[in-house]
Amino acid sequence: MANTSNIKLIDSWKKRLSSEFEQEYMQELKAFLIQEKQQGKQIFPHSSLWFNALNTTPYEDVKVVILGQDPYPTPGHAHGLCFSVLPDVKPLAKSLINIFKELETDLGIQNSNGCLQNWAKQGVLLLNSVLTVESGKPNSHQNKGWEQFTDKIMQVLNQSKQPIVFVLWGAYAQKKGQWIDNSLHQVINAPHPSPLSAYRGFFGSQPFSKINQFLQQHNRQTINWSTD
């Protein structure tokens, strides 16, 4: 068994994912990240926040999964939750602005604070497929191993006996979630909220009310989508 004592991961996830840390792909990913740091490259988010999504939302508490692609490559933005920015960040990222527009249309909730930690604490796992990025270079850490690790997270969640809503925005997320058991779980597919695709069906998709309706039907606490 790999030594996971120095991995900053809470027990509910560590016991389900610890075997991944002894896999060859994870050793190669670790070596890549060490090399990047040794070369003086800035990596986001800070290493203490790589597993922030998992550490904020324990396995047993997951009600909703929102799947993103990779962290914001802008200094001071990423903190380990997909689409979320740190509380004082202004202006908000364009995808997040569109998410908030749809939230207001759907449920009448207005948010100006882009930190989604409050969602995560209520059971919304805000998971990026790739957990790190080089400053200023979107997608720079793709195909280095993170995708395999987050595939495992999705598989573990799919095996949950508790019904979960999987929110898959865009083709990238939909491909990652194509094998989810929708006889137990709900899958919400829509175009990505980015400015390039939001008008192709993300706006008007009403994901937030659909999530709460599903949770209510399965006797699970609904989400308060306010961040302010």
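Residues numbered from 1 in each chain as written. Predicted model: local features only at pLDDT ≥ 70, side-chain atom pairs only at ≥ 80, totals over all residues. Heavy atoms only, no water.

Enquirer: I'd like a description of the packing of aromatic side chains, backed by residues and values.
Expert: As enumerated under the stated definition, the model contains 15 aromatic pairs in all. A centroid spacing of 6.1 Å and a plane angle of 80° characterise the contact between Phe51 and Trp146, whose relative ring orientation is edge-to-face. Of the two residues, Phe51 is situated in the loop between β1 (43-44) and α3 (52-56) and Trp146 in helix α6 (residues 146-158); the sequence distance between them amounts to 95 residues. Taken together, a centroid distance of 5.2 Å and an interplanar angle of 90° make the contact between Trp169 and Phe202 edge-to-face. Here Trp169 is found in strand β5 (residues 165-169), whereas its partner Phe202 is found in the loop between β6 (186-190) and α8 (207-217), with 33 residues between them in sequence. On the accessibility criterion, Trp169 (3% relative accessible area) is buried. With relative accessibility at 0%, the residue Phe202 sits in the buried group. (Phe/Tyr/Trp six-rings, centres within 6.5 Å; stacked < 30°, edge-to-face > 60°. Helix = DSSP H or I, 4+ residues; strand = E, 2+ residues; numbered from the N terminus. Buried < 20%, exposed > 50% of the residue type's maximum accessible area, 1.4 Å probe, protein only.)

Enquirer: Run through α6, naming residues and quoting values.
Expert: Three- or four-residue spacings in an α-helix give side chains the same orientation, since the helix completes a turn every 3.6 residues. With 13 residues, α6 extends 18 Å between its outermost C-alpha atoms, agreeing within 8% with the 18 Å of an ideal straight helix rising 1.5 Å per residue. Listed in full, the buried residues belonging to α6 are Trp146, Glu147, Phe149, Thr150, Ile153, Met154, Val156, Leu157 and Asn158. (Expected span 1.5 Å × (residues − 1).)

Enquirer: With reference to specific residues and values, describe the nonpolar core.
Expert: Looking at soluble globular proteins, one finds that nonpolar side chains tend to be buried together. Trp13, Ile66, Trp119, Leu125, Phe149 and Leu157 are the most contacted members of the largest nonpolar core, which totals 69 residues. In contact with Trp119, not counting residues within four places along its chain, are Ile66, Ile99, Phe100, Leu103, Asn111, Val124, Leu126, Phe208, Asn224, Trp225, Ser226 and Thr227. (Core = buried A, V, L, I, M, F, W, Y, C linked by side-chain atoms within 4.5 Å. Contact = heavy atoms within 4.5 Å.)

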